[in-house]
Amino acid sequence: MKLLVVDDNKYVVEGIKRQLDWEELGIDCVYGCYSVPQAVEILKEHVIDFLITDIEMPGQDGFELLKWLREREMEVDTVLLTSYADFSYARAAVSFQCFEYLLKPVETAVIREVMEKLVERRNQRERDRRLMEYGNHCLLRRDGEETEGEKETEKQIKLSSICLMLLCPLCPQCIFR
(Lines give C-alpha, C1' and ligand atoms only; values in the text may rest on other atoms or scores of the structure.)
Protein backbone atom coordinates (compact mmCIF):
# COMPACT_ATOMS: atom_id res chain seq x y z
CA MET A 1 0.00 0.00 0.00
CA LYS A 2 1.10 3.55 -0.68
CA LEU A 3 0.67 6.82 1.21
CA LEU A 4 0.97 10.37 -0.10
CA VAL A 5 1.57 13.26 2.33
CA VAL A 6 0.88 16.78 1.02
CA ASP A 7 1.71 19.93 2.96
CA ASP A 8 3.37 23.20 1.98
CA ASN A 9 5.53 22.90 5.11
CA LYS A 10 8.37 20.50 4.28
CA TYR A 11 9.01 19.83 7.98
CA VAL A 12 5.47 18.51 8.37
CA VAL A 13 5.86 16.24 5.33
CA GLU A 14 9.24 14.91 6.40
CA GLY A 15 8.10 14.56 10.01
CA ILE A 16 5.12 12.42 9.05
CA LYS A 17 7.23 10.35 6.67
CA ARG A 18 9.78 9.60 9.40
CA GLN A 19 7.76 9.41 12.61
CA LEU A 20 6.25 5.95 12.09
CA ASP A 21 7.44 2.56 10.95
CA TRP A 22 5.17 2.55 7.90
CA GLU A 23 6.17 -0.94 6.79
CA GLU A 24 4.97 -2.27 10.13
CA LEU A 25 1.56 -0.81 9.25
CA GLY A 26 1.58 -2.45 5.82
CA ILE A 27 2.50 0.72 3.93
CA ASP A 28 5.49 0.00 1.75
CA CYS A 29 5.93 3.40 0.15
CA VAL A 30 5.44 6.94 1.48
CA TYR A 31 5.54 9.83 -0.99
CA GLY A 32 5.73 13.45 0.07
CA CYS A 33 5.15 16.71 -1.77
CA TYR A 34 4.51 20.37 -1.04
CA SER A 35 1.68 21.46 -3.37
CA VAL A 36 -1.46 20.25 -5.11
CA PRO A 37 0.15 20.23 -8.60
CA GLN A 38 2.97 18.03 -7.27
CA ALA A 39 0.40 15.74 -5.64
CA VAL A 40 -1.56 15.45 -8.90
CA GLU A 41 1.61 14.37 -10.72
CA ILE A 42 2.29 11.67 -8.13
CA LEU A 43 -1.34 10.51 -8.27
CA LYS A 44 -1.13 10.24 -12.06
CA GLU A 45 2.04 8.15 -11.89
CA HIS A 46 1.31 5.89 -8.90
CA VAL A 47 -1.64 4.06 -7.40
CA ILE A 48 -2.03 5.74 -4.02
CA ASP A 49 -4.11 4.12 -1.28
CA PHE A 50 -3.99 6.83 1.39
CA LEU A 51 -3.66 10.61 1.35
CA ILE A 52 -2.83 12.90 4.24
CA THR A 53 -3.19 16.49 3.08
CA ASP A 54 -3.09 19.97 4.50
CA ILE A 55 -6.04 22.19 3.65
CA GLU A 56 -4.51 25.64 3.29
CA MET A 57 -1.62 25.76 0.85
CA PRO A 58 -0.48 28.44 -1.60
CA GLY A 59 -2.18 28.22 -4.98
CA GLN A 60 -4.60 25.34 -4.71
CA ASP A 61 -5.86 23.97 -1.41
CA GLY A 62 -6.47 20.47 -0.09
CA PHE A 63 -10.16 20.59 -0.99
CA GLU A 64 -9.29 21.21 -4.63
CA LEU A 65 -7.10 18.11 -4.48
CA LEU A 66 -9.97 16.09 -3.00
CA LYS A 67 -12.30 17.38 -5.71
CA TRP A 68 -9.77 16.31 -8.37
CA LEU A 69 -9.66 12.80 -6.81
CA ARG A 70 -13.45 12.47 -6.69
CA GLU A 71 -13.88 13.65 -10.28
CA ARG A 72 -11.62 10.80 -11.35
CA GLU A 73 -13.31 8.33 -8.99
CA MET A 74 -9.97 7.41 -7.47
CA GLU A 75 -10.26 5.11 -4.48
CA VAL A 76 -7.99 7.00 -2.10
CA ASP A 77 -8.75 7.12 1.63
CA THR A 78 -8.12 10.65 2.87
CA VAL A 79 -7.14 12.38 6.09
CA LEU A 80 -7.16 16.15 6.39
CA LEU A 81 -4.48 17.79 8.48
CA THR A 82 -4.88 21.46 9.31
CA SER A 83 -3.98 24.20 11.75
CA TYR A 84 -7.52 25.59 11.66
CA ALA A 85 -10.42 24.38 13.80
CA ASP A 86 -12.93 25.83 11.33
CA PHE A 87 -16.42 24.32 11.19
CA SER A 88 -16.76 25.03 7.48
CA TYR A 89 -13.60 22.95 6.90
CA ALA A 90 -14.99 20.09 8.97
CA ARG A 91 -18.29 20.21 7.03
CA ALA A 92 -16.40 20.15 3.73
CA ALA A 93 -14.33 17.20 4.98
CA VAL A 94 -17.55 15.29 5.63
CA SER A 95 -18.88 16.13 2.16
CA PHE A 96 -15.67 14.74 0.63
CA GLN A 97 -16.02 11.62 2.80
CA CYS A 98 -12.67 12.14 4.51
CA PHE A 99 -11.83 9.47 7.05
CA GLU A 100 -10.42 11.90 9.60
CA TYR A 101 -9.91 15.62 10.27
CA LEU A 102 -6.81 16.23 12.40
CA LEU A 103 -5.56 19.46 13.93
CA LYS A 104 -1.87 20.35 13.93
CA PRO A 105 0.21 19.68 15.85
CA VAL A 106 -0.86 16.04 15.91
CA GLU A 107 0.72 13.37 18.08
CA THR A 108 2.40 10.38 16.52
CA ALA A 109 0.08 8.01 18.39
CA VAL A 110 -2.96 9.68 16.80
CA ILE A 111 -1.55 9.36 13.28
CA ARG A 112 -0.66 5.74 13.99
CA GLU A 113 -4.16 4.96 15.26
CA VAL A 114 -5.83 6.61 12.26
CA MET A 115 -3.57 4.84 9.80
CA GLU A 116 -4.07 1.45 11.50
CA LYS A 117 -7.83 1.89 11.08
CA LEU A 118 -7.44 2.94 7.45
CA VAL A 119 -5.20 -0.02 6.63
CA GLU A 120 -7.65 -2.43 8.28
CA ARG A 121 -10.55 -0.86 6.40
CA ARG A 122 -8.65 -1.16 3.11
CA ASN A 123 -7.75 -4.79 3.85
CA GLN A 124 -11.38 -5.61 4.66
CA ARG A 125 -12.57 -4.02 1.41
CA GLU A 126 -10.04 -6.12 -0.51
CA ARG A 127 -11.18 -9.32 1.26
CA ASP A 128 -14.81 -8.45 0.49
CA ARG A 129 -13.97 -7.71 -3.16
CA ARG A 130 -12.17 -11.03 -3.59
CA LEU A 131 -14.99 -12.93 -1.90
CA MET A 132 -17.50 -11.22 -4.20
CA GLU A 133 -15.39 -12.08 -7.26
CA TYR A 134 -15.22 -15.70 -6.19
CA GLY A 135 -18.96 -15.83 -5.52
CA ASN A 136 -19.66 -14.42 -8.97
CA HIS A 137 -17.24 -16.94 -10.45
CA CYS A 138 -19.11 -19.81 -8.76
CA LEU A 139 -22.45 -18.56 -10.04
CA LEU A 140 -21.21 -18.09 -13.60
CA ARG A 141 -19.24 -21.34 -13.95
CA ARG A 142 -21.09 -23.65 -16.35
CA ASP A 143 -18.98 -26.55 -17.46
CA GLY A 144 -17.06 -27.33 -14.30
CA GLU A 145 -13.78 -26.96 -16.18
CA GLU A 146 -11.27 -24.57 -14.66
CA THR A 147 -8.17 -23.04 -16.12
CA GLU A 148 -4.91 -23.14 -14.16
CA GLY A 149 -5.34 -19.42 -13.41
CA GLU A 150 -8.80 -20.05 -11.96
CA LYS A 151 -7.46 -22.90 -9.84
CA GLU A 152 -4.71 -20.65 -8.47
CA THR A 153 -7.19 -17.86 -7.75
CA GLU A 154 -9.43 -20.35 -5.98
CA LYS A 155 -6.53 -21.57 -3.83
CA GLN A 156 -5.64 -18.01 -2.84
CA ILE A 157 -9.20 -17.22 -1.89
CA LYS A 158 -9.50 -20.44 0.10
CA LEU A 159 -6.49 -19.40 2.12
CA SER A 160 -7.35 -15.75 2.65
CA SER A 161 -11.14 -15.45 2.84
CA ILE A 162 -13.75 -16.51 5.33
CA CYS A 163 -17.10 -17.54 3.94
CA LEU A 164 -19.77 -15.15 5.14
CA MET A 165 -22.50 -17.35 3.73
CA LEU A 166 -21.31 -20.55 5.47
CA LEU A 167 -22.71 -22.74 2.69
CA CYS A 168 -23.15 -21.83 -0.93
CA PRO A 169 -26.16 -23.92 -2.10
CA LEU A 170 -25.83 -22.72 -5.69
CA CYS A 171 -22.46 -24.19 -6.54
CA PRO A 172 -21.80 -27.94 -6.09
CA GLN A 173 -18.04 -27.32 -6.33
CA CYS A 174 -18.00 -24.37 -3.93
CA ILE A 175 -14.95 -24.22 -1.71
CA PHE A 176 -17.16 -23.26 1.20
CA ARG A 177 -19.04 -26.61 1.39
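Use the structure listed above.
Below or above, wherever it landed, is the structure these notes cover. (Residues numbered from 1 in each chain as written. Predicted model: local features only at pLDDT ≥ 70, side-chain atom pairs only at ≥ 80, totals over all residues. Heavy atoms only, no water.)

Core analysis: the biggest nonpolar cluster contains 25 residues, and L4, V6, L51, F63, L65 and L66 have the highest contact counts within it. Secondary-structure elements contributing two or more residues to this core are β1 (2-6), β2 (29-33), α2 (36-45), α3 (62-71) and α4 (87-95). For L65, the contacting residues outside a window of four places in its chain are V6, V36, A39, V40, L43, L51 and T53. With 20 residues, the next largest nonpolar core counts L20, I27, L81 and L118 among its residues. (Core = buried A, V, L, I, M, F, W, Y, C linked by side-chain atoms within 4.5 Å. Buried < 20%, exposed > 50% of the residue type's maximum accessible area, 1.4 Å probe, protein only. Helix = DSSP H or I, 4+ residues; strand = E, 2+ residues; numbered from the N terminus. Contact = heavy atoms within 4.5 Å.)

A word on the sheet that holds strand β3 (residues 50-54). Reading across the sheet, the 5 strands line up as β2-β1-β3-β4-β5 and stay open at both edges, with parallel pairing between neighbours. Looking along the sheet, the strands with just one partner apiece sit at the ends: β2 and β5 (100-103). Averaged over all neighbouring strand pairs, the angle between strand axes comes to 15°, with direction disregarded. Inspection of the sheet shows β1 paired to β3 by 4 bridges, in the parallel sense. Residue pairing in the sheet places V6 in a bridge with T53 of β3. This element, α2, spans β1 and β2 of the sheet and lies at about 150° to β2. Those strands touched by α3 are β1, β3 and β4 (77-82), and its axis lies near 150° from that of β3. (Pairing = 2+ DSSP bridges. Axes fitted to C-alpha atoms, helices over the stretch in contact; angles between N-to-C directions.)

A few words now on the packing of aromatic side chains. Taken as a whole and judged by the stated rule, the model has 3 aromatic pairs. Consider the rings of F63 and F96, whose centres lie 5.9 Å apart with planes at 15°: the pair is stacked. Separated by 33 residues along the polypeptide, F63 in helix α3 and F96 in the loop between α4 and β5 bring together distant segments of the chain. Looking at F63, the relative accessible area reads 12%, which means it is buried. The class of F96 is buried, set by a relative accessible area of 18%. (Phe/Tyr/Trp six-rings, centres within 6.5 Å; stacked < 30°, edge-to-face > 60°.)

This part takes up the side chain of D54. You can see D54 is positioned in strand β3. Of the residues examined, D54 reaches a relative accessible area of 4% and is grouped as buried. A polar contact of 3.4 Å, which involves the side chain of D54, links it to the side chain of K104. Aside from chain neighbours lying at most four places away, what touches D54 is V6, D7, D8, G62, L81, T82 and K104. (Polar contact = N/O pair within 3.5 Å; in protein donor to acceptor, adjacent residues only side chain to side chain.)

Turning our eyes to something else, we now look at the pairing of β1. Most of β1 is tucked away: 4 of the 5 residues are buried. Examined bridge by bridge, β1 and β2 share 5 bridges and lie parallel to one another. Along β2, the bridge assignment pairs V5 with G32. As a crossover connection, the stretch from β1 through helix α1 (residues 10-19) into β2 is right-handed. (Right-handed = clockwise from strand over helix to strand, strands pointing away.)

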